[in-house]
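# Architecture and fold: a report
Read off the chains here:
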Amino acid sequence: MQHCVMRSKADLHVHSKFSDRPGEWLLRRIGASECFVEPIDVYRRARERGMNFITISDHNSIDGCSEIAHLPGVFLSVEITTYFPEDGCKIHCLASGIDEEQFRMIEELRGDIYDLQKYLAAEEIIHTITHPLFRINDRLTVGHVEKLILLFNRFEGVNGSRDPRAADIARTLFRNLTPSMIEEMADRHDIEPQGSEPWQKHFTGGSDDHSGLYTASAFTHTPAASSVQEFLEFLRNGDHEAGGASGGSLRLGRSLYQIAFDYYTKKLIPADDKGDSLISALFQSLLDGALPQSLGRWTNFVPGFASQIIQSRRLKSLNPIERQLFEEFASLFNEKDESPSQANALDERKTFQTASRIGHVLSYAFLRKMTKYFQEGRFIDCLQTAASFVPVLGGLAPYFTAFSAQHKDEPFLKALARRFPATSHLAARPGGKAWIADCWEEDVVHTRTIESYVERAKVTARTLTVLTCLAEKTLTPNHKNFKPLGTIPLPECQDVKVAIPPFMDVIEYLEAGQFDEVIISTPGPMGLLGLLAAKLLGLRATVLFHLDYSRLVRHLTSDHGMERLAEKYLSWFLSIADEIIIPDPTMTDALAENGVDSRKIVSLMLGVENEGKTAAAAINAQKSRTYAERFQFVHISGPANDKDFPWILEAFDLLVAEAPQARLKIIHEGAVLPESLREASAARSNLTAVVWSDAEWESAKIESHALLLPPVADAFHRYFLEMQAAGAPAVVGQSDSHLVGIVRCFGSGRFVPDLRSDLLFEEMKIAATDFKRYEQMRQGAARAADAYAIEYLFERFWERADRLPSRNRLASLLAVTPEPRSGLISLEVS
């Protein structure tokens, strides 16, 4: 027979309405307190949820706990705000089981953490450092953490409102302390460690609940105690453990909704006028079809968009989708259900999905309208619509606030984890990297580059997940696609449509996946969302800048104004990235001229799969055999270089006159072969034009002797490198200085000094008629392929992100003799 071990439980960290100074920006912005829960409600919910003993730990106040002190099982507590006097670093410390006189002394001493700790220890007051790795006022460093280790022996191990990452690192660090580590810290900080075994730490748990929804979701349990005094004695002796579950962004977001609603209903609305609040009037008018007469006095407080809805809309005028949206929105602000079952993960997700659905539908509607006005030149209307969009984002503010609050300390957590051997494995989040791209099938070479890296990640037991936003996509392993909210045509280029991603879903996916880095290879809506989400979640944001998109915009729109607008957008986009990877080091100066910090730029080509020695030997032998009778160039045609076709054709015609065995194969990246290519192919027996496919490209690598003018839009020069790996030299343009550098370095091709057909003809002639020089170039191509093989470059690509983010902030975060860091990685061959 198995016996049940009885335990006693208490939520040591929970708040009531007497915690009235909010830490979250959102609550401060609207002027709300951080909690509106009545003390008696805290008591009742804690009892209902299985707590044997009850306390309230308001910030620097025992008023809430004093209100329920007469009830069974209650003891007084306070969450103390204290400071390191040398620099003002703020710390929160629980004092449990105190009396009023002790609270008065705590209030006098809390300005200095050293004086406070001495008093708490002398009085044998049970004290706990809450959320020990949370940077309350952004001043906490590794040095402060070491001082806390020396001064305190009890820490909060489970916080029911916060993401578990910080708590996991803290528990791992504190459980692996050794006497020698304590001795080193004590010598460094000149602080006497507390207790006979200061390397032994104890952990408590508390919900840190401010909304009333999650009271007792985390707690501290001891052996069965028959009285408050016995329970406190167990705590004092360290005979306790943390229990329950940590929180997260969805939980915090739901809590913030509840607090905001409590603020409106309890503080802004007069006691005799509850039915006429802004929110109540809005939903009454929408759901009941009647507009309260007293609403007029509220409309001055509402942005124009919301005011128009209240004044002009009725339920009967809404279509079914609109009706559903507003009904769902109303449900977010319903009074909370008192049942404990309501405060669970299912409710958190339901609330998030409801808010997201509303935000997505309204956001897409606004974006469509703004785009329409912009295209029609109605710029005032466009700005007014943008202003009306603000309330929609405001409705989602609790989640933006929650995501940011949960992850703002990520650079610090990485720095701390790397500092200590026991936590070094926790420095990187376990989810690997997310590679975000707007396009997929539309950009063949881009897709192939990403897929090759995903495959290489699998081979090396790493995790690389591709995130896209496509209307239809057959998913492959390590690929997450988000269905677009819709598409919007690119201004001045109606044929090009961009997909609008479900932004809330993407942010939540990145957080839940515990990714450590976001890699962005396109600056469209999905790329922009990835960059902003990375900043919100504390993730490293790396941009692969492999194409001058402003030139592409000019090519597509023939509008210099749109080109300048694209330049400004790209400069801003790159300026907020943590790192920018470029394939060509000569791009650095141009980016720096546009305001991009050159210290963030890394020159790194991504590389391609090598054909292998055996396969390469067979391919090279075939090229040698067929050289004299049939020499084939291959050229990749696409939107970014199709204007080069006329003078390429002129050069080819000149070549054929002297080298009749010359052939030209043009592979077009678009879905349909352009009329100019069809006509040119029909008029020449030695010219073939086809639409791109895997089969055509693989065939071209085997049959073609040389690559002619690789496209500028080639993502990280993949076409060039794959042809080099296949033993084919390249004729490159002078404007692509990086490729010129490679062919010069390895002797793997020729370059055209100017875009003239006669000069191109001369370089093509050397390749097609001078076998000895061609063989030398082919050997150079093999050397270049080895230097840029994915097996080598993938490791450099992956390891480069193992450096700590926000490098210029590391010293201030560590504040304990910073370790030297490696320099920027450059894989350029000179």
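See the structure printed just above.
Notes on the structure in this doc start here. (Residues numbered from 1 in each chain as written. Predicted model: local features only at pLDDT ≥ 70, side-chain atom pairs only at ≥ 80, totals over all residues. Heavy atoms only, no water.)

### What to know about the overall build of the protein chain
What counts here: Runs of E in the DSSP output that reach at least two residues are strands. Runs of H or I that reach at least four are helices, and both are numbered from the N terminus. A contact between two residues is defined here by any heavy atoms of the two lying within 4.5 Å.
Summing up its helical and strand segments, the protein chain has 33 helices and 23 strands in all. In the protein chain, 70% of the contacts between residues at least 6 apart in sequence involve partners at least 24 apart.

### Quick word on the pattern of salt bridges
As a reminder of what qualifies: Between Lys or Arg on one side and Asp or Glu on the other, a salt bridge is scored when a side-chain nitrogen of the former is within 4 Å of a carboxyl oxygen of the latter. Here's how the labels work: a residue is buried when its accessible area is under 20% of the maximum for its type, exposed when over 50%, partly exposed in between, all with a 1.4 Å probe on protein chains only.
Applying the stated criterion to the full structure yields 36 salt bridges. Arginine 110 is paired through a salt bridge with glutamate 107; the nearest N and O atoms lie 3.0 Å apart. Arginine 110 sits in the buried class, given a relative accessible area of 18%. The partner of lysine 701 in a salt bridge is glutamate 722, with the nearest N and O atoms 3.2 Å apart. Here glutamate 722 lies in helix 28 (residues 718-725) and lysine 701 lies in helix 27 (residues 694-703), a separation of 21 residues in the sequence. Like glutamate 722, lysine 701 is buried.

### Some thoughts on empty space enclosed by the protein
What counts here: A cavity, in this analysis, means grid points on a 1 Å lattice covering only the protein atoms where a 1.4 Å probe fits yet has no way out; a pocket is instead an open set bounded by protein on both sides within 12 Å along at least five of seven lines, and a residue lines either one if it has an atom within 4 Å of a point. Grid points are joined across faces, edges and corners, and a volume is the space filled by probe spheres set on the points. Residue type decides the class: Asp, Glu, Lys and Arg count as charged, Ala, Val, Leu, Ile, Met, Phe, Trp, Tyr, Cys and Pro as nonpolar, and the leftover types, Gly among them, as polar.
Counted by the stated rule, this structure contains six cavities of 30 Å³ or more. Taken as a whole, the largest cavity holds about 260 Å³ of empty space. Only strand 5 (154-159), helix 7 (164-175), helix 16 (397-407) and helix 17 (410-419) provide two or more residues apiece to the lining of the largest cavity. It is helix 7 that contributes the most residues to the lining of the largest cavity, four residues altogether. Here the lining of the largest cavity is built from residues that sort into eight nonpolar, five polar and six charged.

### Looking at helix 29 (residues 737-746)
Taken residue by residue, helix 29 has His738, Leu739, Val740, Ile742, Val743 and Phe746 as its buried positions. Buried positions along helix 29 lie against helix 28, strand 22 (730-733), strand 23 (749-752) and helix 31 (771-787). Phi turns positive, to about 65°, at glycine 747, one or two residues after helix 29.

### Overview of a negative patch on the surface
Cut-off, in case you're wondering: Residues forming no salt bridge and having over 30% relative accessible area are the ones grouped into patches, like charges within 9 Å of each other and nonpolar side chains (Val, Leu, Ile, Met, Phe, Trp, Tyr) within 5 Å. Areas reported here follow the Shrake-Rupley algorithm with a probe of radius 1.4 Å; residue values treat only the protein chains shown as occluding. We treat Lys and Arg as the positive residues and Asp and Glu as the negative residues; His and chain ends play no part in the count. By convention, the charge on Lys lies at NZ, on Arg at CZ, on Asp at CG and on Glu at CD.
On the surface, Asp99, Glu100, Glu123 and Glu124 cluster together into a negatively charged patch. For glutamate 123, the location among the structural elements is in the loop between helix 5 (113-122) and strand 4 (126-129). In this structure glutamate 123 comes out as partly exposed when scored by relative accessible area, which is 39%.

### Brief notes about the environment of proline 585
Mapped onto the secondary structure, proline 585 falls in the loop between strand 16 (579-582) and helix 23 (587-593). Sequence separation of proline 585 and leucine 604 is 19 residues, and the distance between their C-alpha atoms is 8.4 Å.

### Overview of the nonpolar core
Side chains of a nonpolar character, in soluble globular proteins, are inclined to be buried together. Heads up, the condition is: Each nonpolar core is a collection of buried residues, namely Ala, Val, Leu, Ile, Met, Phe, Trp, Tyr and Cys, held together in the definition by side-chain atoms within 4.5 Å.
Formed by 60 residues in total, the largest nonpolar core has its most connected members in Ile98, Val145 and Phe174. With six residues, helix 6 (residues 142-151) is the single largest residue contributor to this core. Setting aside its immediate chain neighbours within four residues, valine 145 contacts Leu133, Leu140, Leu173, Phe174, Phe412 and Leu416. Ile519, Ile636, Trp692 and Leu793 belong to the second largest nonpolar core, which has 43 residues in total.

### Focus: the pairing of strand 5
Cut-off, in case you're wondering: In short, DSSP must find at least two bridges between two strands for them to pair.
Burial of strand 5 is extensive: six of the six residues sit out of reach of the surface. Sheet topology note: the strand 5/strand 6 (residues 202-206) ladder contains five bridges and is parallel. Bridge pairing in strand 6 links phenylalanine 155 to phenylalanine 203.

### Here's the deal with the sheet that holds strand 16
Short version of the rule: To get an axis, fit a line to the C-alpha atoms, keeping to the stretch in contact for a helix; angles then go from 0 to 180 degrees between the N-to-C directions.
In spatial order, the strands read 11-10-9-14-15-16-17; together these seven strands make up an open sheet with parallel pairing. Looking at which strands have only one partner, the edges of the open sheet turn out to be strand 11 (479-481) and strand 17 (601-603). Each strand of the sheet is rotated relative to its neighbour by a mean of 25°, with strand direction disregarded. The pairing of strand 10 (residues 464-468) with strand 11 spans three bridges and is classified as parallel. If you follow threonine 468 over to strand 11, its bridge partner there is asparagine 481. Strands strand 9 (433-436), strand 10, strand 14 (517-520) and strand 15 (540-544) of the sheet are contacted by helix 20 (residues 525-537), whose axis makes an angle of about 155° with strand 14.

### Concerning unusual backbone geometry
Backbone geometry at asparagine 60 places phi at a positive 55°, although glycine is not the residue there. You can see asparagine 60 is positioned in the loop between helix 2 (39-48) and helix 3 (63-67). Here leucine 709, not a glycine, exhibits a phi torsion of approximately 50°, which is positive. By secondary structure assignment, the location of leucine 709 is in the loop between strand 21 (706-708) and helix 28.

### Some words on the sheet that holds strand 8 (residues 241-244)
If you trace the three strands from one edge of the open sheet to the other, you get 1-7-8, paired in antiparallel fashion. Strands with a single pairing partner mark the edges of an open sheet, and in this sheet they are strand 1 (7-10) and strand 8. Within this sheet the neighbouring strands show an average axis-to-axis angle of 40°, counted without direction. One ladder, built from four bridges, connects strand 7 (residues 218-223) with strand 8; its direction is antiparallel. Bridge assignment links histidine 221 to a residue of strand 8, and that residue is glutamate 241. Contacts between helix 9 (residues 228-236) and the sheet are confined to strand 1 and strand 7, with strand 7 contributing the most and set at about 95° to the helix.

### A look at the packing of aromatic side chains
For clarity, the cut-off: Pairing of aromatic rings covers Phe, Tyr and Trp, the last counted by its six-membered ring, and requires centre-to-centre distances within 6.5 Å; plane angles under 30 degrees mean stacked, over 60 mean edge-to-face, and any other angle means tilted. Cation placement over rings: the criterion is NZ of Lys or CZ of Arg within 6 Å of the ring centroid and within 35° of the ring normal.
In total, this model carries 23 aromatic pairs according to the counting rule given. Here the aromatic rings of tyrosine 627 and phenylalanine 631 are separated by 5.4 Å at their centres, their planes lie at 90°, and the arrangement is edge-to-face. For tyrosine 627, a relative accessible area of 6% gives the class buried. Residue phenylalanine 631 is classed as buried on the basis of its relative accessible area of 0%. Through a chain of ring-to-ring contacts, three or more aromatic side chains come together here, namely Trp435, Tyr453, Phe794, Phe797 and Trp798. Stacked on the ring of tryptophan 798, the Lys or Arg lysine 433 has its end atom at 4.4 Å from the ring centre.

### A closer look at the side chain of histidine 189
So the rule is basically this: Under this definition, polar contacts are N or O atom pairs within 3.5 Å; protein pairs additionally need one hydrogen-donor-capable and one acceptor-capable atom, and for neighbouring residues in sequence, both atoms have to be side-chain atoms.
Locating histidine 189 in the fold gives a position in helix 8 (residues 179-189). Using a relative accessible area of 16% as the deciding quantity, one classes histidine 189 as buried. Polar side-chain contacts of histidine 189 include one of 2.7 Å to the side chain of glutamate 146. Those residues in contact with histidine 189 that sit more than four places away from it in its chain are Gly143, Glu146, Lys147 and Leu150.

### Description of helix 4 (residues 100-109)
Just so we agree on the cut-off: The arc in question is the one traced by the directions running from the helix axis out to the C-beta atoms.
Of the positions making up helix 4, those classed as buried are Gln102, Phe103 and Ile106. All buried residues of helix 4 lie within an arc of 100° about the axis, which places them on one face of the element. Two to three positions downstream of the cap, the backbone nitrogen of glutamate 101 sits 3.2 Å from a side-chain oxygen, assigning the N-cap of helix 4 to aspartate 99.

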